[in-house]
Amino acid sequence: MSISREQRLQEREAELERQTESLEQLNQINAMIRDVVQSVVHATTRTEIEQAVCDRLAAADSFRFAWIGVHDELERTVTPHARSGVEDGYLDSVPLTTDGESDEGGPIGAAVRTRELRVVGDVVRELSSASRREEAMKRGYRSIASIPLVYAETLYGVLTIYADRPGIFTEQVQAVLTELGETIAHAINAAESKKALISDRVVELKFEIRDTDIVFLALTAEIGCECSVESVVPRMDDRLRVFFSTDGASVGEVAAFAERALAIEEFTLVAEREDECVFECTLRESNVISFCLERGVTVQTLIANDGTGQLTVELSSDADVRGFAERFRSTYPESSLVASREDERSVQTRQAFQTTLTDRLTDRQAEVLRTAFFSGYFESPRASSGRDVAATLDITQPTFNHHLRAALRKLLMLLYTD
């Protein structure tokens, strides 16, 4: 056997060994990622999610340290929220800045600015900051990956992982970590949204909005009317069904506008009363209401008149209120925050709700609604027809239908508008 052939065989064996090691490493990381995802699924708060992620990652053989930080857009800094592993004061020894004109932020600053995963494959050769490189080497960090946690265009933080060897963050590993970042961000969004719904104390923000790409403002500017969003119903396809009323515009004018508006589809007239009309429409993706809902923020009112609108929203008191306000103004630059106040969420007990409903219903309406419910009228298939319930009440079916519709309308108004 010639020397050159023997050398080629040795090189091939070495390459196969490297590929096998890389595959084993990828399998280990995939197994660890599955464990991280399971921990995220079972966590119920943002704090639990962030700490569980760091704990699971730091427990992996190849990773020495993991932490999650939150970006402050005004100060251009990243503040640690959760950490686990061999840190030894590292976060206090290096600058955590995201200034676009400085490389002191390293991969973390780049991940924040680009909203994309950033990797330092070899700390010795690739980390430009001497101070950061020295501090990393002291703690055995040989490669770094910073993963932005982004959901619905909102940056919830940055996850940074430090490994004990260079080259560990291959393209395959990067793809897995990018998907993990999306999963973590989605879980944080869900936890924040739930917290906003059940929090006893809320912060109310009121914006004045003038952005012409907001469809309800454009409607009032073109027709010269007043428009008010009455209700929002999320659809199964993630679009929004919106009920809105207009004052001072004809049905034909609003319909003509809706037909031209790119943001509106499936437009329908619901009710027409003197000067006021109520419409239903589906809004396409990316609108001011979905912007709020995707960030766990509740839209209270949206009223527009002659191209200017007032939007009132609610956040839980411990949410990132300033961060949301800055993101809102960045997305809708013609808007301005005109009021902010903290208040207790009004919570109505079951007994109070029933008392309020009873006060609104007439005796006959209450009797019809209760009898229809307990007779199985609302079951599917129905246990009793409208004719059966009417006979039980000794009234005609048209009279039954009239009282039932009136009762349901009052019940639904109590649920969705009060």
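Nothing here was measured: the structure is a model prediction, and the numbers come from that model. (Residues numbered from 1 in each chain as written. Predicted model: local features only at pLDDT ≥ 70, side-chain atom pairs only at ≥ 80, totals over all residues. Heavy atoms only, no water.)

Q: Requested: an account of the overall build of the protein, with residues and values cited.
A: Along its length, the protein carries 15 helices and 13 strands. Long-range pairs, those at least 24 residues apart, make up 61% of the contacts in the protein between residues at least 6 apart in sequence. (Helix = DSSP H or I, 4+ residues; strand = E, 2+ residues; numbered from the N terminus. Contact = heavy atoms within 4.5 Å.)

Q: Give a detailed account of the sheet that holds strand β3 (residues 118-120), specifying residues and quantitative values.
A: Within a sheet, neighbouring strands are paired by backbone hydrogen bonds and run either parallel or antiparallel to one another. Pairing is antiparallel across the open sheet formed by five strands, whose spatial order is β2-β1-β5-β4-β3. This sheet does not close on itself; its edge strands, each paired only once, are β2 (77-85) and β3. Each adjacent strand pair in this sheet contributes to an overall mean axis angle of 20°, direction not counted. Here strand β1 (residues 63-72) runs beside strand β5 (residues 154-163); their pairing, made up of six bridges, is antiparallel. Within the sheet, the bridge partner assigned to W67 lies in β5 and is T160. (Pairing = 2+ DSSP bridges. Axes fitted to C-alpha atoms, helices over the stretch in contact; angles between N-to-C directions.)

Q: Explain a nonpolar patch on the surface to me, and be specific about the residues and the numbers.
A: Taken together, the side chains of F373, F374 and F378 make up a nonpolar region of the molecular surface, amounting to roughly 360 Å² of accessible area. Relative to the helices and strands, F373 resides in helix α13 (residues 363-374). Residue classification places F373 among the exposed residues on the basis of a relative accessible area of 52%. (Patch = residues over 30% accessible without salt bridge, like charges linked within 9 Å, V, L, I, M, F, W, Y side chains within 5 Å. Areas by Shrake-Rupley, 256 points an atom, 1.4 Å probe, with all protein chains shown as cover. Salt bridge = Lys/Arg side-chain N within 4 Å of Asp/Glu carboxyl O. Buried < 20%, exposed > 50% of the residue type's maximum accessible area, 1.4 Å probe, protein only.)

Q: Break down the side chain of R139 for me, citing the residues and quoting the values.
A: Within the secondary structure, R139 sits in the loop between α6 (130-138) and β4 (143-151). At 2.8 Å, the side chain of R139 forms a polar contact with the backbone oxygen of E135. In contact with R139, other than residues within four places in its own chain, are R64, V86, E87, D88, G89, Y90 and S93. (Polar contact = N/O pair within 3.5 Å; in protein donor to acceptor, adjacent residues only side chain to side chain.)

Q: Explain the environment of S336 residue by residue, including any values.
A: Mapped onto the elements, S336 comes out in strand β13 (residues 336-344). For S336, a relative accessible area of 29% gives the class partly exposed. Along the backbone, S336 and K206 are 130 residues apart, and their C-alpha atoms lie at a distance of 8.6 Å. Not counting residues within four places of it along the chain, the set of residues in contact with S336 comprises K206, F207 and E208.

Q: Which residues make up the packing of α13 against helix α15 (residues 397-416), and what are the values?
A: Two numbers describe a pair of packed helices, the interaxial angle and the distance between the axes. At their nearest, the axes of α13 and α15 sit 8 Å apart, and the two run at 95° to each other. Classified by the interaxial angle, the pair formed by α13 and α15 is roughly perpendicular. Of the residues in α15, those in contact with R364, Q365, V368, L369 and A372 of α13 are F400, H403, L404, A406, A407, L408 and K410. Residue composition of the contact of α13 with α15, grouped by class: eight nonpolar, two polar and two charged. (Parallel < 35°, antiparallel > 145°, perpendicular 65-115°, else oblique. Nonpolar A, V, L, I, M, F, W, Y, C, P; charged D, E, K, R; others polar.)

Q: Can you lay out unusual backbone geometry for me, pointing to particular residues and giving the numbers?
A: The peptide bond linking S380 to P381 adopts the cis configuration, its omega dihedral lying at 0°. For P381, the location among the structural elements is in the loop between α13 and α14 (386-393). One non-glycine residue, R115, lies in positive phi territory at about 60°. One non-glycine residue, D394, adopts positive backbone phi at about 60°. The class for D394 is exposed, based on a relative accessible area of 70%.

Q: Summarise the pairing of strand β7 (residues 226-234); cite the residues concerned and give the values.
A: In this structure, β7 lies alongside strand β8 (residues 240-247), joined through eight bridges in antiparallel fashion. Bridging from a neighbouring strand, E226 pairs with D247 of β8. With three bridges joining them, β7 and strand β11 (residues 298-305) adopt antiparallel strand pairing. Directly across from E226, in β11, lies its bridge partner N305.

Q: An account of the packing of aromatic side chains is needed here, citing residue identities and associated values.
A: Per the stated rule, a full pass over the model turns up 18 aromatic pairs. Their ring planes at 40° and their centres at 6.0 Å tell us that F291 and F324 sit as a pair that is tilted. Of this pair, F291 sits in helix α10 (residues 288-293) while F324 sits in helix α11 (residues 321-331), and the two are 33 residues apart along the sequence. Residue F291 shares its accessibility class with F324, and that shared class is buried. (Phe/Tyr/Trp six-rings, centres within 6.5 Å; stacked < 30°, edge-to-face > 60°.)

Q: If you had to explain the pattern of salt bridges to someone new, which residues and values would you point to?
A: Side-chain pairing between opposite charges can occur once the charged atoms of the two side chains come close. Counted according to the given criterion, the structure contains 15 salt bridges. Note that R125 and D122 form a salt bridge whose closest N and O atoms lie 3.9 Å from each other. By relative accessible area, D122 is classed as buried at 17%. Put simply, E204 and R341 hold a salt bridge, and the shortest N to O gap is 3.2 Å. You can see E204 sitting in strand β6 (residues 201-209) and its partner R341 sitting in strand β13, a full 137 residues away along the chain. Of the residues examined, R341 reaches a relative accessible area of 42% and is grouped as partly exposed.

Q: I'd like a rundown of α13, residues and numbers included.
A: With 12 residues, α13 should reach 16 Å at 1.5 Å per residue; the first-to-last C-alpha distance of 17 Å fits that figure. Positioned one or two residues after α13, G376 has a phi angle of 85°, which is positive. (Expected span 1.5 Å × (residues − 1).)

Q: Tell me what's going on with the pairing of β5, and back it up with residues and numbers.
A: Residues in a regular strand project their side chains so that they alternate between the two faces of the sheet. Among the 10 residues in β5, 10 count as buried, and that is most of the element. Examined bridge by bridge, β4 and β5 share nine bridges and lie antiparallel to one another. Bridge pairing in β5 places S143 opposite A163. The antiparallel hairpin formed by β4 and β5 contains two residues in its connecting segment, where A152 sits at a positive phi of about 50°.

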